[in-house]
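# Topology and contacts: notes
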Amino acid sequence: MAYESIDFTLAERMNAEDENRSATMDIERRDLAIEADDDLVIETRADGRAAIVGYAAVYNRLSLDLGGFREMILPGAFDKILGRERGRQDVVALFNHDSNIVLGRASSGTLELSSDEKGLRYVVSPPVSRADVVELIQRRDVRGSSFAFTVDQRGEQFVTDEKGGAVRQIREVSGLYEVGPVLVPAYPATSASVAMRSYQAWLAGQEPVASPAPVSSRSLAYWAAAAAALRLRSAMRG
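We now turn to the structure provided with this report.

## Topic: the side chain of glutamate 28
- Of note, glutamate 28 is situated in strand E1 (residues 28–33).
- Side chain to side chain, glutamate 28 and arginine 168 meet in a polar contact 3.1 Å long.

## Things to note about the sheet that holds strand E6 (residues 98–105)
- The strand order E1-E9-E12-E5-E6 describes an open sheet built from five strands, whose pairing is mixed. Every other strand in the sheet has two partners, leaving E1 and E6 as the edge strands with one partner each. The sheet shows a mean angle of 30 degrees between the axes of neighbouring strands, taken without regard to direction.
- Relative to strand E12 (residues 175–182), strand E5 (residues 92–95) is paired through two bridges, and the arrangement is parallel. Following the sheet pairing, alanine 93 is matched in E12 by valine 179.

## Here we look at the sheet that holds strand E11 (residues 166–170)
- On the basis of which strands lie adjacent, the open sheet formed by three strands has the order E4-E11-E10 and mixed pairing. The two strands at the open ends of the sheet, each matched to only one other strand, are strand E4 (69–73) and strand E10 (156–160). Direction aside, the axes of adjacent strands within the sheet are offset by 25 degrees on average.

## Points about the pairing of strand E7 (residues 111–115)
- Judged from the five bridges that link them, E7 and strand E8 (residues 119–124) form a sheet pairing that is antiparallel. Bridge assignment links leucine 111 to a residue of E8, and that residue is valine 124.
- Adjacent in sequence and paired antiparallel, E7 and E8 are bridged by three residues.

## Points about the nonpolar core
- Among the nonpolar cores identified, the biggest contains 34 residues, and Ile52, Phe78, Leu111, Tyr122, Phe147, Leu176 and Val179 are the most heavily contacted of them.
- Sequence-distant contacts of leucine 111, that is, excluding residues within four places in its chain, are made with Val91, Val92, Ala93, Gly104, Arg105, Ala106, Tyr122, Val123, Val124 and Val179.
- Core analysis: the next-biggest nonpolar cluster, separate from the first, contains eight residues, Leu66, Phe69, Phe158 and Ala166 among them.

## Quick notes on the environment of isoleucine 73
- With respect to the helices and strands, the residue isoleucine 73 is situated in strand E4.
- Filtering out sequence-adjacent residues up to four positions away, isoleucine 73 remains in contact with Ala57, Val58, Tyr59, Asn60, Phe78, Phe147 and Ile170.

## Here we look at the side chain of glutamate 178
- Secondary-structure assignment places glutamate 178 in strand E12.
- Of note is the side chain of glutamate 178, whose polar atom sits 3.2 Å from the side chain of arginine 29.
- Setting aside chain neighbours within four positions, we find glutamate 178 in contact with Arg29, Val91, Val92, Leu94, His97, Ser146, Phe147 and Ala148.

## Notes on the pairing of E6
- Relative to E6, E5 runs antiparallel, the two sharing four bridges. Across the sheet, alanine 93 pairs through a bridge with glycine 104, a residue of E6.
- Between the end of E5 and the start of E6, which pair antiparallel, lie two residues, with asparagine 96 showing a positive phi angle near 60 degrees.

Quick notes on the rules
- Residues numbered from 1 in each chain as written.
- Predicted model: local features only at pLDDT ≥ 70, side-chain atom pairs only at ≥ 80, totals over all residues.
- Heavy atoms only, no water.
- Helix = DSSP H or I, 4+ residues; strand = E, 2+ residues; numbered from the N terminus.
- Polar contact = N/O pair within 3.5 Å; in protein donor to acceptor, adjacent residues only side chain to side chain.
- Pairing = 2+ DSSP bridges.
- Axes fitted to C-alpha atoms, helices over the stretch in contact; angles between N-to-C directions.
- Core = buried A, V, L, I, M, F, W, Y, C linked by side-chain atoms within 4.5 Å.
- Buried < 20%, exposed > 50% of the residue type's maximum accessible area, 1.4 Å probe, protein only.
- Contact = heavy atoms within 4.5 Å.

Such coordinate-based values are descriptive only and should not be taken to indicate function.
Quick look at the structure:
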């Protein structure tokens, strides 16, 4: 398959696409810990070369607490972006988010991306010089994968689960920039500032409930701010 020649670096592409998005659109990154045998494996191709095969995102899997809410990626969230970018993607595969350790790139044909019933699957053909990364995965020293993405307001919604907790559902990503294996996945510690802004906006519009579910100490300030806003609106109406 022939791929369109792309001279932009990843940073240049991100900057160029940022100009076409709202100023509030920022790139988010998520890490995913291995939970199944096929989440991250090494396969041997017909030519004897090693390939890294993994899932950068898994559908219908709840994240840990991101500061008062959890997150879930819904099936098909990557379908449109993969279809729209087919044949001209410039997603890169990095090890441990390090741009100095490039494993593959979609525009060169060394990274393949697809969406199946489980999630966002990636297949990377790393250079021989990255045999150490291959060995780390084979030895199970590397314990997760990650992806970098953007979501606009149409692609997300907040819902309340059966226990009264808030869940951010990602229905459609608007941009995909990076995938790859990570040594120590740290989902709660990854960038969630964009999601937090959406969460605060959603929270401010909710009516107080009689028995709110326990929330983490990190989110108490946001609940207090939301309650103050509701009291102010009530006073103004009165």
